[in-house]
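Residue strings, one per chain:
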Amino acid sequence: MNKTEYITKNFGVSARAVELVNKAESSVREQFGILEEKAEINQLKVMKAFSEFCVSERHFMPTTGYGYDDDGRDTLDKVYAHIFGCDDALVRQNWVNGSHTLSTMMYAVLRPGDTLLSVTGKPYDTLEEVIGIAGDDGNGSLKDFGISYKEISLLNGEPDYENIERALRAEKIKAVMIQRSKGYGWRPTYSPEKIGEIVKFVKDISPETICLVDNCYGEFVDTDEPTQYGADLIAGSLIKNPGGGIAPTGGYIAGRRDLIELCAYRMTCVGIGRECGCTMGFNRYAYQGLFMAPHVTLQALKAATLCAAVFGLLGYESDPKPDAERHDIIQSVKFNDKDKMIAFIQGIQKGAPVDSFVTPEPWDMPGYQDQVIMAAGAFTQGSSIELSADAPLREPYIAYMQGGLTYESAKLGIMVAVNKILKLEK
Ligand SMILES: *Cc1c(COP(=O)(O)O)cnc(C)c1O
């Protein structure tokens, strides 16, 4: 069978669009090689950890009730800690999303009278209410518990070391927060090494300050994690990279043993900590997802790279550039045109295995100033290691794409998007 013919006939993509995507793909073969090398290293780390802790079928057995002695759960914690090169970890399905996991991490280490300092500017949207810089008084935010918050904005995309130093010298800072991924903002994503520089800077001035990292979207993109560069705690979501598209829910926190114990106390209750929490069959998904994670993250990275390359050929600005070193899975493309951006999102929807027949439309999403349009069609609701894209309807019309369980399916989404945009350009 002829591939181009098949695509043209079955997906309505012009031969020109197929050729353009193929050309872009050829231009990033070398980049793919670099990404594959990193994925292989990460896969080896996962294999080593599975073997080290003798992961076996008994670890997948469901437990109920209190969940005492759930060996699958306790071993999974050790496997994560081994891969992330740190003392200890907690991996649980009870965390409903990344925000919840990050919130547990913050409440675990902060006490009334303490100050939290964000050194990478505004934290992720959903954390604003947790911190208490948004939302009502009396709702149980950190602020409500007498925890102060300070924030140092980035300076041209870089940490503003001068002001960070000033803040650290002005008062005792209990913890600093560092966000690895750019999320949906215009700033660079930081490598674990870069995060290590920030941690070192903080600790040189204030050795007691606890360094917390929002590691969402970053896992397995580099061959090390921030914990290997001195971060005290990192946290993330299992419906992103480390769940490998298989874990149906959950989160993880990894890092220093004494702090992980505090996280366990906050996660359940003081005194009980990690001893309780049945897993009801979750473990098999978490292990299998972790096993898949380096490979699936590679698929997402290849899709992001192809997207940057093809829209580069068409003359659009993308971030990161096709040949840039990546530290998360997010790809943004600036369209400077509303209809083209909408066409892009609608095209990406065709690369989803679920709901590929629907056409996304802009809508008034609660809590957002502008209308938003999203492409998503995932086996796991809201999973963003699966192919997804979203864009607020405002200038300069930037769309964000991430994920893709298989490169081939994501490539189809990109081809359909390119085809739609070429039609608009005529
Ligand atoms: C996804 C994400 C979070 C958490 O979001 P949830 O939707 O609650 O999982 C936090 N920070 C960053 C940078 C993220 O990408």
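Cut-offs and rules
Residues numbered from 1 in each chain as written. Predicted model: local features only at pLDDT ≥ 70, side-chain atom pairs only at ≥ 80, totals over all residues. Heavy atoms only, no water. Helix = DSSP H or I, 4+ residues; strand = E, 2+ residues; numbered from the N terminus. Rg over C-alpha atoms; globule rule 2.2 N^0.38 Å. Contact = heavy atoms within 4.5 Å. Salt bridge = Lys/Arg side-chain N within 4 Å of Asp/Glu carboxyl O. Polar contact = N/O pair within 3.5 Å; in protein donor to acceptor, adjacent residues only side chain to side chain. Near = heavy atom within 4 Å. Areas by Shrake-Rupley, 256 points an atom, 1.4 Å probe, with all protein chains shown as cover. Nonpolar A, V, L, I, M, F, W, Y, C, P; charged D, E, K, R; others polar. Expected span 1.5 Å × (residues − 1). Buried < 20%, exposed > 50% of the residue type's maximum accessible area, 1.4 Å probe, protein only. Patch = residues over 30% accessible without salt bridge, like charges linked within 9 Å, V, L, I, M, F, W, Y side chains within 5 Å.

## Observations concerning the overall build of the protein
In step 1: Secondary structure assignment for the protein yields 12 helices and 12 strands.
In step 2: Since a compact globule built from 426 residues should have a radius of gyration of about 22 Å, the 22 Å found for the protein is in line with a globular shape.
In step 3: Its C-alpha atoms give the protein principal-axis dimensions of roughly 65 × 50 × 40 Å.
In step 4: Summarising the internal contacts of the protein: among those between residues at least 6 apart in sequence, 71% fall at separations of at least 24.

## Some points on the pattern of salt bridges
In step 1: In the structure shown here, the tally under the stated rule is 27 salt bridges.
In step 2: The salt bridge involving arginine 29 is made with glutamate 25; its shortest N-O contact spans 3.4 Å.
In step 3: A salt bridge links aspartate 258 to arginine 256; its shortest N-O distance comes to 2.8 Å.
In step 4: Connected through shared salt-bridge partners, Asp77, Asp88, Arg92, Arg257 and Arg274 make up one network.

## Quick look at the environment of glutamine 331
In step 1: With respect to the helices and strands, the residue glutamine 331 is situated in strand β9 (residues 331–334).
In step 2: When the C-alpha positions of glutamine 331 and leucine 306 are compared, they lie 9.8 Å apart, and in sequence the two are 25 residues distant.
In step 3: Every residue in contact with glutamine 331, bar those within four places of it in the chain, is listed here: Ala304, Cys307, Ala308, Ser318, Asp319, Pro320, Arg326, Ala399, Tyr400 and Met401.
In step 4: A polar contact of 3.3 Å, which involves the side chain of glutamine 331, links it to the backbone oxygen of aspartate 319.

## A closer look at the site of the ligand
In step 1: All residues adjacent to the ligand are Asn97, Gly98, Ser99, Leu102, Tyr124, Gln179, Asp214, Cys216, Tyr217 and Lys240.
In step 2: Within the side chain of asparagine 97, one N or O atom sits 3.4 Å away from an oxygen atom of the ligand.
In step 3: Within the side chain of serine 99, one N or O atom sits 2.5 Å away from an oxygen atom of the ligand.
In step 4: Taking 380 Å² as the accessible area of the ligand by itself, protein coverage stands at 88%.
In step 5: Of all the elements, helix α5 (residues 98–109) adds the most residues to the shell around the ligand, at 3 residues.
In step 6: Its residues assigned to classes, the shell around the ligand comprises 4 nonpolar, 4 polar and 2 charged.

## Notes on α5
In step 1: In this model α5 runs 17 Å from its N-terminal to its C-terminal C-alpha over 12 residues, within 8% of the 16 Å that 1.5 Å per residue would give.
In step 2: Within α5, 11 of the 12 residues are buried, which leaves it mostly tucked inside the rest of the structure.
In step 3: Along α5, the positions that sit buried rather than exposed are Gly98, Ser99, Thr101, Leu102, Ser103, Thr104, Met105, Met106, Tyr107, Ala108 and Val109.
In step 4: For α5, the capping residue at the N-terminal end is asparagine 97, with a side-chain oxygen 3.2 Å from the backbone nitrogen of serine 99.

## Description of a nonpolar patch on the surface
In step 1: A cluster of nonpolar side chains, namely Met1, Tyr6 and Phe11, defines an oily patch on the protein surface of about 390 Å² accessible area.
In step 2: The residue methionine 1 is located in the segment before α1 (3–11) in this model.
In step 3: We classify methionine 1 as exposed; its relative accessible area is 84%.

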